[in-house]
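Structural overview
Below are the chains, spelled out letter by letter.
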Amino acid sequence: SAADEATDHVTERHRATVARRRQEILEATCEILIKRGLAATRIADVARLLDISTGLVHYHFATKDELLVEAFRYAAEAELRAPGILLQSTSRLGN
């Protein structure tokens, strides 16, 4: 039915938005890791960089450890696709 198709479209759009936000969080985490190091990387800093709540970061990543593991995985995959790309993306933090 048309209602089912509309719901499917909204669900698909929501999934895309969630995936985009997750990627933004991972990219911001990588930027902070590059600039400040592992010990100084905090969820609050990631949230502040993106102007979102820490709760939204926790919606995507239950713990700091999970966020860091996924950020390292994301960075490794990004580096394989385009070497040096993450080092070029630290502009939001200033050098």
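Structure's up top.
Residues numbered from 1 in each chain as written. Predicted model: local features only at pLDDT ≥ 70, side-chain atom pairs only at ≥ 80, totals over all residues. Heavy atoms only, no water.

Within soluble globular proteins, side chains that are nonpolar generally end up buried alongside one another. Ile 25, Leu 26, Val 46, Leu 50, Ile 52, Val 57 and Leu 67 are the most contacted members of the largest nonpolar core, which has 18 residues in total. Broken down by secondary-structure element, the contributors of at least two residues to this core are α1 (2–36), α2 (43–50) and α4 (64–81). Looking at which element gives the most residues to this core, the answer is α1, with six residues. Excluding anything up to four places from it in sequence, Val 57 contacts Ile 25, Ile 43, Val 46, Ala 47, Ile 52 and Leu 67. (Core = buried A, V, L, I, M, F, W, Y, C linked by side-chain atoms within 4.5 Å. Buried < 20%, exposed > 50% of the residue type's maximum accessible area, 1.4 Å probe, protein only. Helix = DSSP H or I, 4+ residues; strand = E, 2+ residues; numbered from the N terminus. Contact = heavy atoms within 4.5 Å.)

Moving on, we get to the environment of Glu 70. Along the chain, the position of Glu 70 falls in helix α4. Expressed as a C-alpha distance, the spacing of Glu 70 and Cys 30, which sit 40 residues apart in the sequence, is 9.9 Å. Ignoring sequence-local partners within four residues, the contact set of Glu 70 consists of Arg 22, Leu 26 and Phe 61.

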